[in-house]
Amino acid sequence: MERMDAAEPLLDVRHLDIAFASGKKLTKRTEDVHFQVHPGEILSIVGESGCGKSITALSLLRLLNRQGRVVGGEVLFKGRDLLSMTEKELDRVRGREIAMVFQDIMYSLNPVFTIGNQMVETLRRHMGMQRGQARERAVELLEKTGISQPRSVMKKYPHMLSGGMRQRVMIAMALTCNPSLLIADEPTTALDVTIQLQIMQLLKKLRDETGMAILLITHDIGLVTEMADRVVVMYAGQCVEEASTQQLLESPAHPYTRALLRAVPGIHDPKDRRLYSIPGAVPEEYQDLPGCRFAPRCPYGQDCPGAREESQVNPGHMVRCCRAQEGREAYGA
Amino acid sequence: MERNTPVLSARDLRKAFPSDGERHLLRKGMHPAVDGVSFDIYPGQTFGLVGESGCGKSTVAKLLMGLEKLDSGEVYLEGQRIDQLAPKKLRPLRPQFQMVFQDSGSSLNPRKRVMDILSEPMLYHGVAKSDTVQARMDELLEQVGLPREMKHRYPHEFSGGQRQRICIARALSLRPKVIVLDEPVSALDVSVQAQILNLLRDLQEQMHLTYLFIGHGLGAVRYISHRIGVMYMGRLVESGDAEELFAHPAHPYTRALLDAVPVADYALRNRPRITLVGEVGELPASGNGCPFAPRCPMATASCLEHVPELKPLAGAPERTVACLRAGEQR
């Protein structure tokens, strides 16, 4: 979906710094993370484990655990800063305007209540519905997520459902209040590919029907390709590249993005293709790394002067690499 | 390649587990996890086994390794039947077939240093003596791309990718002919996954190793395998040359599986694809028939009558497919 740049962003994350306490020390896990989600848009944050994508998602609704805290930045939702709101104000945003689905579907549902129980309670609390009305609405929501026998599902406990069904229930619950933004943190990582496809098509359909925006957090660049309108690539706590999905796939500018794309084995690759493997591993502690954080693993940048600032390679295409242009040729991309 | 004796052969493997689910305790039935699976793996090659969770692929690995007892069926290692051997008789053969698991964290003893993890099996099986074991260890670590000083460390001091390298080194230490790799890269990040896949490929080339590679990441399985078998609900539904199979899948399940894989190619973003309805485990209402029929977009009435056998595909003898309508246009 093409977005209009003039439109007000729904969510505007600015210079977000998150730190985690270990003992008395505070360690920064993200630095200057920023992105915007526009109404009806699917924005994807992609990166490997430890890059800070999940804590970024959690911090938006102030759901970080006690060790983690936001030490700088703003999260503007419809112009209001979620980080400086009172708990009471935030409660009106959580679930109602911004809903969230997680990877750990098992832990997101209460094991001792039936699905129907949990859905009705949510509807009564958030929408102030009567029991009977809530029940009808729950059936409707489950139907919307492609569950063929909603009434029998409502009588079941979470453990009686398959992973795919549980994720549908989670999505149905997230839709309870017609949120304008859905944050989906690796929603299909625990699911099989054929079920993943069902869930992804469901999310797209819901986006098209309701106009809700989706912030999709994932490690799977293939999924990003198929789902996202725009992409933010994160590495070691920073946004290293941001572009439209097409720009990112067809002319990736950051060496990390390019390496990532070439490290994925495709199902139709030529037999003799050798995967590009990025040497080394993601640094575990990176807050004190001088210069570019990818430099130690970069194919042409061990001696990089280091780009901490971002630059624009094309309209709407930002990259945090000092050699984005020259590297492009060297890399043969 | 067909002229060689297979290094590892599975013949009609069967294994059923008691099913739980919603049934009444007394009516507990048996649920077939592996239901008549056969294949051969040839020297220096990789046979890939793909399928979704619960399809029985990991159970196949355990049956081959003797970690689960077969209900029926036969396992041959270089022509010798091994599934009925007493543990004592099997022990001297153990070095020849080794296994690497998905969760490297729990398959390495947390209280032992890497040097103990690597040296113990070698000393036990007499592959190295106490005077040569150090040198052999250094060699192994080098082969899997770890600095030799790291042998003094404990497993928790390594990253997931490094731990998987240690598991591979341990498997290699006994100079095996076959390595069974059960989802060895599924828990790893893409960049690390690429490192391990390349390592496995290189080691195979250098040492003429034979692999059984089990995975659900189709790209990874395709990358490492020469031949691939696709499993659905305990059965092989299709097998054949890796490239051929992925380029021209004959079974509707294989097609749907390949269609469901997200591809990092913008041009393919809106390609037509089959979306399967329902989920694994829904058996045909008739109680017999093709297990895939309830989800199959091509199913006809005859599909519900009996289970299709795995047969060579017309015009492609290397390929076998278990589908009445195999190879028909989609």
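Residues numbered from 1 in each chain as written. Chains lettered and ligands numbered in written order. Predicted model: local features only at pLDDT ≥ 70, side-chain atom pairs only at ≥ 80, totals over all residues. Heavy atoms only, no water.

> Would you mind going over the interface of chain B and chain A with me for this structure?
Frequently, the measure chosen for interface size is the accessible area that the parts lose on association. Chain B puts 44 residues into the contact, and the matching count from chain A is 50 residues. For the pair chain B and chain A, the interface holds four salt bridges. Salt-bridge contacts for D202(B) lead to R274(A); the nearest nitrogen and oxygen are separated by 2.9 Å. Considered class by class, the residues forming the side of chain B that touches chain A number 21 nonpolar, 10 polar and 13 charged. (Contact = heavy atoms within 4.5 Å. Salt bridge = Lys/Arg side-chain N within 4 Å of Asp/Glu carboxyl O. Nonpolar A, V, L, I, M, F, W, Y, C, P; charged D, E, K, R; others polar.)

> Explanation requested: the pairing of strand β1 (residues 8-18) of chain B in the structure shown.
Looking along a regular strand, one sees side chains alternate from face to face of the sheet. All names here are of chain B. Relative to strand β2 (residues 30-41), β1 runs antiparallel, the two sharing nine bridges. Of the residues in β2, the one forming a bridge with L8 is I41. Sheet topology places β1 next to strand β4 (residues 72-77); five bridges connect them, and they run antiparallel. Paired with A10 across the bridge in β4 is V75. (Pairing = 2+ DSSP bridges. Helix = DSSP H or I, 4+ residues; strand = E, 2+ residues; numbered from the N terminus.)

> Looking at this model, I keep getting lost on empty space enclosed by the protein. Mind explaining?
Residues and elements named next belong to chain B. By the definition in use, this model includes three cavities of 30 Å³ or more. Taken as a whole, the largest cavity holds about 80 Å³ of empty space. Around the largest cavity, the lining is made up of 13 residues, and of these P252, C290, C296, C303 and C323 lie nearest the centre. With three residues, the single largest contributor to the lining of the second largest cavity is helix α7 (residues 218-224). (1 Å grid on protein atoms, 1.4 Å probe; cavity = no way out; pocket = protein on both sides within 12 Å on 5 of 7 lines; lining within 4 Å. Points joined across faces, edges and corners; volume = space filled by probe spheres on them.)

> When you look at the confidence of the model for chain B in this model, what are you seeing that I'm missing?
The predicted model of chain B averages 90 in pLDDT, with 93% of residues at 70 or higher. Taken over the whole predicted complex, pTM reads 0.90, whereas the ipTM for its chain interfaces reads 0.88. (pLDDT = per-residue confidence, 0-100.)

> I'm lost on unusual backbone geometry in this one. Help?
For residues other than glycine, phi is negative in most cases, and the peptide bonds are mostly trans. Residues and elements named next belong to chain B. Here D12, not a glycine, exhibits a phi torsion of approximately 50 degrees, which is positive. Tracing the chain through its elements places D12 in strand β1. In this structure, E78 is a non-glycine residue whose phi angle is positive, near 45 degrees. Along the chain, E78 falls in the loop between β4 and β5 (80-81). With relative accessibility at 42%, the residue E78 sits in the partly exposed group. (Buried < 20%, exposed > 50% of the residue type's maximum accessible area, 1.4 Å probe, protein only.)

> Would you take a moment to explain the pattern of salt bridges for this structure?
Residues and elements named next belong to chain B. Applying the stated criterion across every chain yields a total of 38 salt bridges over all chains. A salt bridge links R148 to D138, with the nearest nitrogen and oxygen atoms 3.9 Å apart. Taken together, the residues R148 in the loop between α4 (133-143) and α5 (160-172) and D138 in helix α4 connect sequence positions 10 residues apart. When its relative accessible area of 44% is taken as the criterion, R148 is described as partly exposed.

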